[in-house]
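Structure at a glance
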Amino acid sequence: MRVALFTTCLVDQFLPEVGKATVRILEKLGVEVLYDSRQTCCGQPAYNSGHVREARKVVRHFLRVFADAGADAIVVPSGSCATMLKVFSSHLLETDEEEALGSEIGARIFELSDFLVSSLGVEATGASFSESVTFHDSCHQLRELGVRDQPRRLLRAVQGIDFREMDDAERCCGFGGTFAIKFADVSSAMGHDKISRIRESGARVVVSNDGGCLMHLRGLIDRQKAPLRTMHLAEVLARF
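Definitions and cut-offs
- Residues numbered from 1 in each chain as written.
- Predicted model: local features only at pLDDT ≥ 70, side-chain atom pairs only at ≥ 80, totals over all residues.
- Heavy atoms only, no water.
- Buried < 20%, exposed > 50% of the residue type's maximum accessible area, 1.4 Å probe, protein only.
- Helix = DSSP H or I, 4+ residues; strand = E, 2+ residues; numbered from the N terminus.
- Arc of directions from axis to C-beta.
- Contact = heavy atoms within 4.5 Å.
- Expected span 1.5 Å × (residues − 1).
- Pairing = 2+ DSSP bridges.
- Axes fitted to C-alpha atoms, helices over the stretch in contact; angles between N-to-C directions.
- Salt bridge = Lys/Arg side-chain N within 4 Å of Asp/Glu carboxyl O.

**Quick look at helix α6 (residues 96-106)**
Among the residues making up α6, those that are buried are E98, G102, I105 and G106. Along the axis of α6, the buried residues cluster in a sector spanning 95°; they form a single face. Exposed residues lying more than 90 degrees from the buried face of α6 are D96, E97 and S103. Buried residues along α6 sit in contact with α4 (52-67), β3 (73-76), α5 (79-88) and β4 (109-111).

Put into structure tokens, the structure is as follows:
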């Protein structure tokens, strides 16, 4: 199987280790990974801020790049970005040709955990991680893509892991992209509430599939000096 990797802006600029871990996992499972350096953004920051024309340009560029990828699937290590491309980008396409291309490409886009479990039929990647872990569901991945059980099944299959479900795991962490900037006080309050739930679970590591959530929580954790650390799911699954 040939897979095109869409790394996302946050992975490219702030979390390159997540992109590397994603490639390691896929290659270990016998998947050929393709990467096109022309890729940029999914268009979500502009779209969520009401800049429709600018978002449309970004989505059109994505379609041009990945139409030529020659891949069976497009894997995204972010539920939020995968949602933008699979669900919301269709609101930006104007012509029948664009809509047909967007539909065809959208059907091949998968968030990482969903691809591993639902497409490859994999739960155990051979990873080992002797730590107490809980999982935070990002809003778009959970509510738009319906991806909830897949990351948990992958985590529970990691050798040595102590998985602990937190209360209100499905509650938003408060990031929400530009929401965290426009409504900083509300965003921080939601984040502190999420951290309280994490600490109550007894886990020392909070795992998520979205870089934005992880960066938001990491900043609050650092300011609290809480005995917690954040990891992307790919980083855990690549510990072999």
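**Thoughts on helix α2 (residues 16-28)**
Compared with the 18 Å implied by 1.5 Å per residue over 13 residues, the 19 Å span of α2 between its first and last C-alpha is a close match. For α2, the complete set of buried residues consists of V18, G19, A21, T22, I25 and L26. With its buried residues spanning 165° around the axis, α2 presents them on a single face. One or two residues past the end of α2 sits G30, with phi positive at roughly 85°.

**Some words on the sheet that holds strand β2 (residues 32-34)**
What the 4 strands build is an open sheet, ordered β2-β1-β3-β4; its pairing is parallel. The sheet is open, and its two edges are formed by β2 and β4, each paired on a single side. In this sheet, neighbouring strand axes are inclined to one another by 35° on average, regardless of whether the strands run parallel or antiparallel. The sheet contact formed by strand β1 (residues 2-5) and β2 spans 3 bridges and is parallel. Within β2, the residue paired with A4 across the bridge is L34. With respect to the sheet, α5 is in contact with β3 and β4, its orientation differing from that of β4 by roughly 155°.

**Observations regarding the pattern of salt bridges**
Using the criterion set out here, one finds 19 salt bridges in the structure. With its nearest N and O atoms 3.2 Å apart, the salt bridge here joins E32 to R2. Here E32 is found in strand β2, whereas its partner R2 is found in strand β1, with 30 residues between them in sequence. Looking at E32, the relative accessible area reads 38%, which means it is partly exposed.

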